[in-house]
Each structure stands twice: as structure tokens, then as C-alpha cells.
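Close look at the chain arrangement
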Amino acid sequence: EAGVAQSPRYKIIEKRQSVAFWCNPISGHATLYWYQQILGQGPKLLIQFQNNGVVDDSQLPKDRFSAERLKGVDSTLKIQPAKLEDSAVYLCASSIGLAGGEQYFGPGTRLTVT
Amino acid sequence: EDQVTQSPEALRLQEGESSSLNCSYTVSGLRGLFWYRQDPGKGPEFLFTLYSAGEEKEKERLKATLTKKESFLHITAPKPEDSATYLCAVTGQGGGNKLTFGTGTQLKVEL
């Protein structure tokens, strides 16, 4: 079974530029998550989708971050404009549903903002 | 707000030297406690889910246990390939399926 796919794997941008990340979850997984992992810390949830609806975006900096999940499958996360403190690994995860149970993570996108 | 604290931050073991990692948590109505392994440059890999105090799960050299306040990940006779960062996370009643992670324990097993 194919795992969670993410691209790109690495991205370097200058502050105030924009960037987008893409995620393809495990087939059949209705719930998709975007996490931010700063070096030396655990992942922090940014946004959670159930199919193509948002379940939780309470920790998403909405003035600069946006995310969508069209057709309830793939998802994109965008940052515009980027700040130095956005340098982190952005992880996408998916799970079968909302009722609990394990989440499966992709390899992440390492973003460096200079 | 759910909170997870892991200790120690880093642990160095000799091959075959058993030890335990600690995860203490504060959550409103625990729905699940999760252990993940994360290798450098990769996303977290699911290991275990524990749902209630007294529950135990085992996988190869790893055994996870749960009490009402903390969880332990016991590593028996570790090998160098067990070297990784081990992350603990919880989901609570009010958080949907949101995982709140600790900062992890970085384990290095040496020959």
C-alpha cells in the first residue's frame, strides 16, 4: 500500500516570498492533517480536514497560511508571505476517520526561509 | 489544553542495555496515547496506541505501558537500529482526532 506522498521534499525561499506544499494521502483515508515541526520540537497541528471540510484550523496563522483539500483527496498548504520563523518541516498525515486511531505521516517538506 | 512532557530529552545506551522512556500527560478525557518513532529526515512512524490505564502493547524489543498520568516505553536489549527519536502524543475528548505531541526523546544505541 502506498504511503502518504509529499512534494517538494526541500524548499528554500526568501522572506516575504510565497510557497506551496502538496500532499496526497493514503487511498481511502478521509481525514488529512498538516503539521508544522520546528527543529527539536514535536509536530504541531495546523489544520485538519475531514473529506474536503475543515474540522480544526485553530492553530493555523490565517493571515499568512491557507490550505485546501479539493475533491476530498489531495491537499495543498500555502504560505504567503513567508517569515523567518516559518522555517520548519511541514508534515502531512492521514487517517481513516475522525474516531481515533493512528495517523500515518508523509516524509515532510523541509522549508528554509532566508 | 492538552500537554505532553517527555523525559529524558536524550538517552545514550550501549547495545543490550535496557531502559525506559517516560511520557507524562495532562488531558481532558484521554481518548488515546500514541507512540511514534521518527528517524532523521523522515516523518513519524506509528508504533502503538494505548487507550486505558493498565494497558500494555509490545512490538519486538519495545513495550509500551499506560497509567492515569504517564506512559513508559520500555526498550529491552536495544540494538543500534533502534536509534531514533521517540515521540509521545495524546488525543483528548475535546480535540477531535488532534494529536498533541511531546518534544521527544532522542535515543542513540551504540555498539
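Notes on the structure in this doc start here. This one's a predicted model, so the numbers in the text were calculated from it and none came from an experiment.

Another point: the interface of chain B and chain A. The partner chain A presents 24 residues to the 19 residues of chain B that form the contact. The junction of chain B with chain A conceals about 1500 Å² of combined surface from both sides, 49% of it contributed by carbon and sulfur atoms. Summed over the shared surface of chain B and chain A, the number is 0 salt bridges. For the interface between chain B and chain A, the tally reads 3 residue pairs in polar contact (both at pLDDT 80 or more). Counting residues per element, the ones that place at least two in the side of chain B that touches chain A are strand 4 (30-38) and strand 5 (45-50) of chain B.

What the rule picks out here adds up to 9 aromatic pairs over all chains. Measuring from ring centre to ring centre gives 6.2 Å for A:Phe105 and B:Phe101, while their planes differ by 70°; the resulting arrangement is edge-to-face. Of this pair, A:Phe105 sits in strand 10 (residues 104-105) while B:Phe101 sits in strand 10 (residues 100-101), placing the two residues on different chains. A relative accessible area of 10% places B:Phe101 in the buried class. Residues B:Tyr36 and B:Phe46 carry aromatic rings whose centres are separated by 5.9 Å and whose planes lie at 75° to one another, so their mutual orientation is edge-to-face. One end of the pair, B:Tyr36, is in strand 4; the other, B:Phe46, is in strand 5, and 10 residues separate them in sequence. The class of B:Phe46 is buried, set by a relative accessible area of 18%. One aromatic cluster is present, formed by A:Tyr33, A:Tyr35, A:Phe105, B:Tyr36, B:Phe46 and B:Phe101 through successive ring pairs.

Cut-off values and rules
- Residues numbered from 1 in each chain as written.
- Chains lettered and ligands numbered in written order.
- Predicted model: local features only at pLDDT ≥ 70, side-chain atom pairs only at ≥ 80, totals over all residues.
- Heavy atoms only, no water.
- Contact = heavy atoms within 4.5 Å.
- Buried area = accessible area lost by both parts, 1.4 Å probe.
- Salt bridge = Lys/Arg side-chain N within 4 Å of Asp/Glu carboxyl O.
- Polar contact = N/O pair within 3.5 Å; in protein donor to acceptor, adjacent residues only side chain to side chain.
- Helix = DSSP H or I, 4+ residues; strand = E, 2+ residues; numbered from the N terminus.
- Phe/Tyr/Trp six-rings, centres within 6.5 Å; stacked < 30°, edge-to-face > 60°.
- Buried < 20%, exposed > 50% of the residue type's maximum accessible area, 1.4 Å probe, protein only.

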